[in-house]
Amino acid sequence: MSAQETGKKARDVMHEGVQCVGEHDSLRTASQMMRDLGVGALPICGDDDRLKGIITDRDIVVMCCAEGRDIDQTTAGQLARGLVWVDADASVEEALYTMEEHHIKRLPVIERHRLLGMISEADLAKELSDTKLAEFVHRVYALD
């Protein structure tokens, strides 16, 4: 049975306990958080505790290190991009479509304007058939 047939929502497949890096935190802080948490991406939250974007380990390398920027002076907020998210009550199919449409591998889940969790490829792999998962991977990694 597929996730759609079971009526599962984004909240049902996301992983909770997501930690944000602050928009004013340095990229060194962000990279240390990624190392300590064993993740390759972090949501960026503002002083208002609202999602401002996502930063990946690749963003830090490409947009900071490769450009000769100072990892201690550049903030996560300066690299914030990709404010794409899904409501906690959205269907798994809607979350899947959003990830495919924006070619993203991680999707923040929001409830009442606050970050509730994240959906990753691994979360989807537990819910989708092999065929559906293969289609997702093909679409997310396909070039426009």
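As the structure is a computational prediction, the values presented were derived from the model and not from experiment. (Residues numbered from 1 in each chain as written. Predicted model: local features only at pLDDT ≥ 70, side-chain atom pairs only at ≥ 80, totals over all residues. Heavy atoms only, no water.)

**Student:** Any chance you could explain the overall build of the chain here in plain terms?
**Tutor:** Assigned secondary structure in the chain consists of eight helices and six strands. In the chain, the order of α-helices and β-strands from amino to carboxyl end is α-α-β-α-β-β-α-α-β-α-β-β-α-α. For 144 residues, the compact-globule estimate of 2.2 N^0.38 gives 15 Å, and the chain sits close to it at 16 Å. Based on the C-alpha atoms only, the size of the chain along its principal axes is roughly 50 × 35 × 25 Å. Restricting the contact set of the chain to residue pairs at least 6 apart, pairs at least 24 apart contribute 56%. Carbon and sulfur atoms provide 46% of the accessible area of the chain, an area that totals close to 8200 Å². The distance from the centre of the 17 positive side-chain charges to the centre of the 27 negative ones in the chain is 1 Å. (Helix = DSSP H or I, 4+ residues; strand = E, 2+ residues; numbered from the N terminus. Rg over C-alpha atoms; globule rule 2.2 N^0.38 Å. Contact = heavy atoms within 4.5 Å. Areas by Shrake-Rupley, 256 points an atom, 1.4 Å probe, with all protein chains shown as cover. Lys, Arg positive; Asp, Glu negative; His and termini not counted. Charge placed at Lys NZ, Arg CZ, Asp CG, Glu CD.)

**Student:** What is the right way to look at the sheet that holds strand 6 (residues 114-120) in this model?
**Tutor:** Picture the strands of a sheet paired through backbone hydrogen bonds; they go either parallel or antiparallel. Pairing in this open sheet of three strands is mixed, and the strands run 4-5-6 from one edge to the other. Either end of the sheet is taken by a strand with one partner, and the two such strands are strand 4 (86-87) and strand 6. Bridging between strand 5 (residues 106-111) and strand 6 involves six bridges; their strand directions are antiparallel. Counted as the bridge partner of R106 is S120 from strand 6. On top of the sheet, helix 6 (residues 92-102) reaches strand 4, strand 5 and strand 6; it is set at about 135° to strand 5, its chief contact. (Pairing = 2+ DSSP bridges. Axes fitted to C-alpha atoms, helices over the stretch in contact; angles between N-to-C directions.)

**Student:** Got a minute to help me understand helix 8 (residues 130-141) in this structure?
**Tutor:** Since the α-helix turns once every 3.6 residues, residues separated by three or four places project in the same direction. Compared with the 16 Å implied by 1.5 Å per residue over twelve residues, the 16 Å span of helix 8 between its first and last C-alpha is a close match. Among all positions of helix 8, only L133, F136 and V140 are buried. In a view along the axis of helix 8, the buried residues occupy a sector of 60°, so they form one face of it. Exposed and facing more than 90 degrees away from the buried side of helix 8 are D130, T131 and H138. Here the buried face of helix 8 lies against helix 6 and helix 7 (121-125). (Expected span 1.5 Å × (residues − 1). Buried < 20%, exposed > 50% of the residue type's maximum accessible area, 1.4 Å probe, protein only. Arc of directions from axis to C-beta.)

**Student:** Can you help me understand the pairing of strand 2 (residues 41-45) in this one?
**Tutor:** On a regular strand, each side chain points to the face opposite its neighbour's, so the side chains alternate between the two faces of the sheet. In terms of burial, strand 2 is a largely internal element, five of the five residues being buried. As paired elements, strand 1 (residues 21-22) and strand 2 share two bridges and run parallel to each other. Bridge pairing in strand 2 links G22 to C45. Bridge count between strand 2 and strand 3 (residues 51-56): five bridges; the pairing is antiparallel. Pairing of I44 across the sheet is with G53, part of strand 3. Where strand 2 folds back on strand 3, the antiparallel hairpin that results is connected by five residues, among which D49 adopts a positive phi of roughly 65°.

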